[in-house]
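Coordinate analysis (summary)
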Amino acid sequence: MANFPYDVAILGGGPGGYVAAVRASQLGLKAVVIEKDKLGGVCGNWGCIPSKALINQAEAYHAIEALAHMGVKIDVSGLDYSKVQAKSRGAAERSGKGVQFLMKKNKVEVVSGTGTLTGANEITVKAADGATSKISAAYIVVATGSRPRELPGMEFDEKQVLSSTGILALTSLPKSLLILGSGAIGMEFAFVMRTFGVEVTVIEMLPRILPVEDHETAAVVEKAFVKNGVKFLVNTKASTLKKTATGVELTIEKDGKTEVLKAEKILVAVGRVPNTADLGLEKAGVKLDRGFVLTKDYYQTDAASIFAIGDIIPSPLLAHVASKEGEIAVEFLASKLKGTHAPHEKKLDPMAIPGATYCEPQIASFGLTEEKAKEKKIDYKAYSFPFTGNGKANAIERPEGLVKILYNPKTHEILGGHTVGANATELIHELLLAKKAELLPEDLATMVHAHPTLGESVMEAARGVEGWAIHI
């Protein structure tokens with residue numbers, strides 16, 4: 001292979017790109033990252049990290065109710081949401097500085113500017129001042145991420161019609177908010193906004209909220225949200241949006257009837273779009289399908305020297321997925337450069353990827369839901385253990401939740417795991433580890449768990465699969 005200034009050039013410095021760069025450095029490769037904005041990507045700057053900071057503060061505010069039961073009196077009239085938002089931005093800034101440190105520590109060069117592929121081994125970079133430069137490398141990893149999906153007639157102005165980025169930028173609370181979409185983003189912001197006193201209505205086109213989650217765990221979240229004052233409209237289509245001097249008016253269609261909903265602002269959270277336009281991908285020999293890059297076992301594209309990872313390929317649009325894909329890609333290209341065997345890990349199994357929604361209560365899952373199992377005609381059984389039977393959940397006054405295991409009725413192989421309730425996004429990993437290690441529920445059932453812990457619910461669910469749950 002011809003000599004190049006870099007072994008790998010990575011286009012995009014988000015959780016896929018910067019993790020790929022760190023892993024490349026660990027493997028002895030010379031790497032460069034091209035980023036047009038800030039390192040950390042959407043996740044670190046306008047997604048995962050700042051939104052979780054908001055959620056953390058909303059949880060603290062929500063806890064005031066528990067203090068009132070102790071006789072503590074707290075005056076909340078001084079709530080200043082701009083300070084809440086400022087703490088969120090502070091979390092994003094710390095995250096960005098952390099990525100900068102990782103680049104420096106691992107001797108990864110960072111180039112600021114907008115990159116375009118101008119060859120199989122070349123990226124042309126346009127800096128903010130208009131100056132251009134060329135970067136060449138033996139391999140290129142494209143990790144340009146995604147952006148919020150816009151709907152016709154509901155284009156983002158980030159004043160009345162908000163994207164997930166726009167709502168994170170708010171420094172004051174609206175009196176009322178419509179949320180279009182009840183996926184992870186919609187539900188997380190529904191929790192934050194409602195907790196701080198905003199009137200929230202969530203509109204979902206499908207028959208129920210959190211449609212990718214198991215129906216049983218989603219029902220727990222819905223019940224908690226309704227109790228907290230969130231309104232849900234399912235099986236409802238949003239048709240037209242009108243901006244007014246005081247807010248927005250959304251015309252909806254439900255059960256053959258139309259209705260107009262009024263609110264100060266609307267959050268449109270109906271998915272994301274891959275950032276693949278104007279990158280020069282197709283000219284470089286990369287195939288796309290509906291905007292997504294098509295890849296092979298190790299995330300190679302049809303252009304042998306170009307790889308693609310993260311939100312621009314048809315895999316779950318999640319930060320942790322992008323990071324792992326970046327690791328797999330650079331481990332493979334390192335084997336090519338060093339003449340070693342290809343790594344064992346290949347393209348991720350979608351059935352072994354955890355998804356998490358950080359509302360209150362939390363919800364997390366992997367693998368099959370009951371609905372998917374029926375749709376695919378896969379034979380299964382399911383067992384759910386409720387938090388009401390868990391000592392820790394009752395001690396901390398958080399009995400709303402459950403752990404659910406889907407399994408093969410003959411072999412007891414774990415087909416799916418579902419958790420909802422306190423710490424659900426942490427609990428899911430014990431089930432997922434069992435799945436990855438090819439363990440059976442009986443292995444979890446017989447493992448000693450500390451008492452009292454929420455993790456005992458995983459043990460009890462596994463025992464339920466085996467027919468001998470104790471605390472129910």
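For the structure itself, consult the block above.
A few points on the structure. (Residues numbered from 1 in each chain as written. Predicted model: local features only at pLDDT ≥ 70, side-chain atom pairs only at ≥ 80, totals over all residues. Heavy atoms only, no water.)

Description of the packing of aromatic side chains
Counted by the stated rule, this structure contains 6 aromatic pairs. When the centroid spacing of 5.7 Å and the interplanar angle of 75 degrees are considered together, the rings of tyrosine 81 and phenylalanine 196 count as edge-to-face. In this pair, tyrosine 81 sits in helix α5 (residues 81–105) while phenylalanine 196 sits in the loop between α7 (184–195) and β10 (199–203), placing the two residues 115 residues apart along the sequence. Clustering of aromatic rings is evident, with ring pairs tying together Tyr139, Tyr298, Phe307 and Phe332. Against the face of tyrosine 6 rests lysine 30, its NZ or CZ located 5.3 Å from the ring centre. Over the ring of tryptophan 46 we find arginine 89; its NZ or CZ atom is 3.6 Å from the centre of that ring. (Phe/Tyr/Trp six-rings, centres within 6.5 Å; stacked < 30°, edge-to-face > 60°. Helix = DSSP H or I, 4+ residues; strand = E, 2+ residues; numbered from the N terminus. Lys NZ or Arg CZ within 6 Å of the ring centre and 35° of its normal.)

A word on the sheet that holds strand β13 (residues 248–254)
With antiparallel pairing, 3 strands are arranged side by side in an open sheet as β12-β13-β14. Edge strands, defined here as strands with exactly one partner in the open sheet, are β12 (237–243) and β14 (257–263). Averaged over neighbouring strand pairs, the angle between their axes works out to 25 degrees when direction is ignored. Here β12 runs beside β13; their pairing, made up of 6 bridges, is antiparallel. Bridging across to β13, alanine 238 finds its partner in isoleucine 252. (Pairing = 2+ DSSP bridges. Axes fitted to C-alpha atoms, helices over the stretch in contact; angles between N-to-C directions.)

Observations concerning the packing of helix α3 (residues 48–62) against α7
One way to put it is that α3 packs onto α7 with a least axis distance of 9 Å and a crossing angle of 40 degrees. With respect to α7, the element α3 is oriented oblique. Along this stretch, α3 crosses α7, giving a crossing that reads as left-handed. Contacts between α3 and α7 involve Ser51, Lys52, Leu54, Ile55, Ala58, Glu59, Tyr61 and His62 from the first element and Glu188, Phe189, Phe191, Val192 and Thr195 from the second. When grouped by side-chain class, the residues that make up the contact of α3 with α7 number 7 nonpolar, 3 polar and 3 charged. (Parallel < 35°, antiparallel > 145°, perpendicular 65-115°, else oblique. Left-handed = near helix turned anticlockwise from the far one by under 90°. Contact = heavy atoms within 4.5 Å. Nonpolar A, V, L, I, M, F, W, Y, C, P; charged D, E, K, R; others polar.)

Focus: a nonpolar patch on the surface
Nonpolar side chains collect at one region of the surface, where Leu67, Met70, Val72, Ile74 and Val76 lie side by side and expose about 410 Å² of accessible area between them. For valine 76, the position within the fold is in the loop between α4 (64–68) and α5. Taking relative accessible area as the criterion, valine 76 reaches 35% and is therefore assigned partly exposed. (Patch = residues over 30% accessible without salt bridge, like charges linked within 9 Å, V, L, I, M, F, W, Y side chains within 5 Å. Areas by Shrake-Rupley, 256 points an atom, 1.4 Å probe, with all protein chains shown as cover. Salt bridge = Lys/Arg side-chain N within 4 Å of Asp/Glu carboxyl O. Buried < 20%, exposed > 50% of the residue type's maximum accessible area, 1.4 Å probe, protein only.)

Focus on the state of the cysteines
The tally for this structure, following the rule as stated, stands at 1 disulfide. At a sulfur-sulfur separation of 2.4 Å, the disulfide partner of cysteine 43 is cysteine 48. One quick way to see it: the torsion about the S-S bond of cysteine 43 and cysteine 48 is about -130 degrees, and its sign makes the bridge left-handed. For cysteine 43, a relative accessible area of 16% gives the class buried. With a relative accessible area of 29%, cysteine 48 lands in the partly exposed category. Unpaired in terms of disulfides, cysteine 359 finds its nearest cysteine sulfur in cysteine 48, a separation of 15 Å. (Disulfide = S-S within 2.5 Å.)

Brief notes about α5
Each α-helix turn comprises 3.6 residues. Residues three or four places apart therefore point the same way. Its 25 residues place the ends of α5 36 Å apart at the C-alpha level, agreeing with the 36 Å of an ideal helix rising 1.5 Å per residue. Looking only at α5, the buried set comprises Tyr81, Val84, Gln85, Ser88, Arg89, Gly90, Ala91, Ala92, Gly96, Val99 and Met103. (Expected span 1.5 Å × (residues − 1).)

Overview of the environment of valine 42
As for its position among the elements, valine 42 is in helix α2 (residues 41–46). Taking the relative accessible area as the measure of exposure, valine 42 reaches 37% and is therefore partly exposed. The spacing of valine 42 and glycine 291 is 249 residues in sequence and 19 Å in space, taken between C-alpha atoms. In contact with valine 42, other than residues within four places in its own chain, are Gly47, Cys48, Ser146 and Arg272.

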